[in-house]
Amino acid sequence: MLKFKIGLVTCMLLMIVLGTQAGGRFVHVKGMDLIQPNGEKLYIQGTNLGNWLNPEGYMFGFKSVNSAWMIDLLFKEMVGPDETAAFWKQFKDNYITHKDIAFIREQGANTIRLPFHYKLFTDEDYMGLTSHQDGFCRVDSVVKWCRENHLYLILDMHDCPGGQTGDNIDDSYGYPWLFDSEASQELFCDIWQRIAARYKDEPVILGYELMNEPIAPHFENKEDLNNKLEPLYKRAVKAIRQVDKNHVILLGGARWNSDFYMFTDWTFDDNIMYTCHRYGNEPTAEAIKDYLEFREKTGLPMYMGEIGHNTIEWQTRFVKLMKQLNIGYTFWPYKKVDGSCMMGFSKPEQWDSIVVKYAEASRKTFKEMREAHPRQETVRQLLSQFIENCRFDNCHPQRDYIKSLGLKP
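Residues numbered from 1 in each chain as written. Predicted model: local features only at pLDDT ≥ 70, side-chain atom pairs only at ≥ 80, totals over all residues. Heavy atoms only, no water.

A. Broad picture of the overall build of the chain. Looking only at helices and strands, the chain features 15 helices and 14 strands. For 409 residues, the compact-globule estimate of 2.2 N^0.38 gives 22 Å, and the C-alpha radius of gyration of the chain, at 22 Å, lies within 12% of that figure. Taking the principal axes of its C-alpha atoms as reference, the chain extends roughly 95 × 45 × 45 Å. For the chain, the residues scored as buried account for 56% of the 409 residues in total. If you take every contact in the chain between residues at least 6 apart in sequence, the share linking residues at least 24 apart comes to 74%. Here the chain displays about 17700 Å² of accessible surface, and carbon together with sulfur accounts for 54% of that area. Here the chain carries 48 positive and 55 negative side-chain charges, and the mean point of each set is 5 Å from the other. (Helix = DSSP H or I, 4+ residues; strand = E, 2+ residues; numbered from the N terminus. Rg over C-alpha atoms; globule rule 2.2 N^0.38 Å. Buried < 20%, exposed > 50% of the residue type's maximum accessible area, 1.4 Å probe, protein only. Contact = heavy atoms within 4.5 Å. Areas by Shrake-Rupley, 256 points an atom, 1.4 Å probe, with all protein chains shown as cover. Lys, Arg positive; Asp, Glu negative; His and termini not counted. Charge placed at Lys NZ, Arg CZ, Asp CG, Glu CD.)

Written as structure tokens, this is what we have:
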């Protein structure tokens, strides 16, 4: 009997240890805080790798050509599909590298948010590929670089099937078709389930942000769309939990991650949190009182996934406020042409006078396209120079901007 009791106790202790090892390797939600595997609180501080896997027009200096499919079409008009495909491969190979991730860590960051396009996980035409997309390969690289530099990673589906926003930022066609399309919703959940299945045992990943800034405020039926947001979140969470019970799942509000009134149930999963965004307005608690009130109501963490594009003084004040209020943050973006980011780089000479000029010209007919078209060889040289300029070694850190982010201990 004594041997039996000893064996039973030993077995129970082993089960506890194994359970601790299995469940204690991941960041998880505890009240309004995130807790690291070592038991310490995690206060998110970092940046976004915007434009890398989800190109946006203003990052290239464009205005009207402001989404990924428009940029791709522009380049195809100027240099053809083959040259455009080659450009996108070089862009993905050079825009963000291990050196960039190491630099981010050196500034004192602990977290990176990685925006990505759903097409990276399909066989749709995107960034030079129409099959054998390289989404997992690209994410695997960032996971490895983050592990080597002791950074957490948030995976953010910035562009969802059908479009979740209905504006240029989701690379869609002017309406959030995701909420009206069963096929798009199935694909949305399927992609997240495949991502979760691949990374279910990866502790470097902090969590999965299901969609960026859903439902722009431009639509007459926005209230109907808003009411569809929580049910779709629940559906996607259920799909993820079938394969991954380890990772935090992040849920953003409507109207640029600013409205949370449509959420009525935050108990359907025990490892979720909410994420907000803020550009502009005074850096005061009053300006984000809705976020604070919603956090108090849910008792769950609130994280500022995007903030920035403002003056050094404004950013410094807002960072101080967020630290006081226990709202972690990742600034937008890490890198782009000119500045207003951690790492800036210069546009090639003649970029504005040739590439941007053609981008902003009227190109509604083939006749207009021919009349406005620049020399192909000149454009090829400018695209090549753009790639060279965006490489880490040719970028210039924005020291005052970095200081305003409050990353250094």
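From this point, the narrative continues.
B. Region of the structure containing helix α6 (residues 182-199). Compared with an ideal rise of 1.5 Å per residue, which puts 18 residues at 26 Å, α6 spans 26 Å between its outermost C-alpha atoms and is within 8% of the ideal. For α6, the set of buried residues is S184, Q185, F188, C189, I191, W192, I195, A196 and Y199. Summarising the axial view, the buried residues of α6 lie within an arc of 160°, below the 170-degree limit, and thus occupy one face. Buried residues along α6 sit in contact with β5 (111-117), α5 (135-148), β6 (152-159), β7 (205-209) and α8 (229-241). (Expected span 1.5 Å × (residues − 1). Arc of directions from axis to C-beta.)

C. Spatial organisation of the pattern of salt bridges. According to the stated counting rule, one finds 31 salt bridges in the structure shown. The salt bridge partner of K144 is E148, with a shortest N-O separation of 2.7 Å. Of this pair, K144 and E148 both sit in helix α5, four residues apart, which is roughly one turn of that helix. The class for E148 is partly exposed, based on a relative accessible area of 40%. One network of salt bridges, with partners in common, ties together K89, K92, D93, D134 and R138. (Salt bridge = Lys/Arg side-chain N within 4 Å of Asp/Glu carboxyl O.)

D. Representation of the sheet that holds strand β8 (residues 248-252) within the structure. Pairing within the closed barrel is parallel, and its eight strands lie in the order β4-β5-β6-β7-β8-β9-β10-β11. Sheet twist, expressed as the mean angle between neighbouring strand axes with direction ignored, is 30°. Sheet analysis places strand β10 (residues 302-307) next to strand β11 (residues 328-331), joined by two bridges and oriented parallel. Each bridged residue has a counterpart across the sheet, and for M304 the counterpart in β11 is Y329. Across the face of the sheet, helix α10 (residues 289-298) comes into contact with β9 (272-278) and β10 while running at roughly 175° to β9. (Pairing = 2+ DSSP bridges. Axes fitted to C-alpha atoms, helices over the stretch in contact; angles between N-to-C directions.)

E. Fine view of a nonpolar patch on the surface. On the surface, W69, L73, Y173 and W177 cluster together to form a nonpolar patch covering roughly 450 Å² of accessible area. On the secondary structure map, Y173 appears in the loop between β6 and α6. (Patch = residues over 30% accessible without salt bridge, like charges linked within 9 Å, V, L, I, M, F, W, Y side chains within 5 Å.)

F. A look at unusual backbone geometry. The residue after W332, namely P333, is reached through a cis peptide bond having omega -20°. Mapped onto the fold, P333 is located in the loop between β11 and β12 (335-337). For E213, which is not glycine, the phi torsion reads 45° and is therefore positive. Located in the positive-phi region is W256, a residue other than glycine, with phi close to 60°. Given the relative accessible area of 27%, W256 is considered partly exposed.

G. A look at the nonpolar core. F60, F62, L155 and F188 are the most contacted members of the largest nonpolar core, which has 131 residues in total. Here F60 is in contact with N51, P55, I71, F75, F87, W88, F91, V337, K347, W351, V356 and F386, once residues within four sequence places are set aside. (Core = buried A, V, L, I, M, F, W, Y, C linked by side-chain atoms within 4.5 Å.)

H. Layout of the pairing of β6. Most of β6 is tucked away, with eight of its eight residues classed as buried. With seven bridges joining them, β5 and β6 adopt parallel strand pairing. When the sheet's bridge partners are listed, L114 is paired in β6 with L155. With α5 bridging β5 and the parallel β6, this β-α-β connection has right-handed handedness. Here β6 pairs with β7 via four bridges, running parallel. Bridging across to β7, D156 finds its partner in E209. On the question of chirality, the crossover connecting β6 to the parallel β7 by way of α6 is right-handed. (Right-handed = clockwise from strand over helix to strand, strands pointing away.)

I. Up close: the sheet that holds strand β13 (residues 343-345). In spatial order, the strands read β12-β13-β14; together these three strands make up an open sheet with mixed pairing. Unpaired on one side and paired on the other, β12 and β14 (396-397) mark the two borders of the sheet. As paired strands, β12 and β13 are joined by three bridges and run parallel to one another. Among the inter-strand pairings, K335 is bridged to a residue of β13, identified as M343.

J. Region of interest: the packing of α6 against α8. Running from N to C, α6 and α8 point in directions that differ by 35°, and their axes come no closer than 8 Å. Here α6 runs over α8; the crossing is right-handed. Two secondary-structure elements touch here, α6 through E182, Q185, E186, F188, C189, W192, Q193 and A196 and α8 through L232, R235, A236, A239 and I240. Of the residues belonging to the contact of α6 with α8, the class tally is eight nonpolar, two polar and three charged. (Left-handed = near helix turned anticlockwise from the far one by under 90°. Nonpolar A, V, L, I, M, F, W, Y, C, P; charged D, E, K, R; others polar.)

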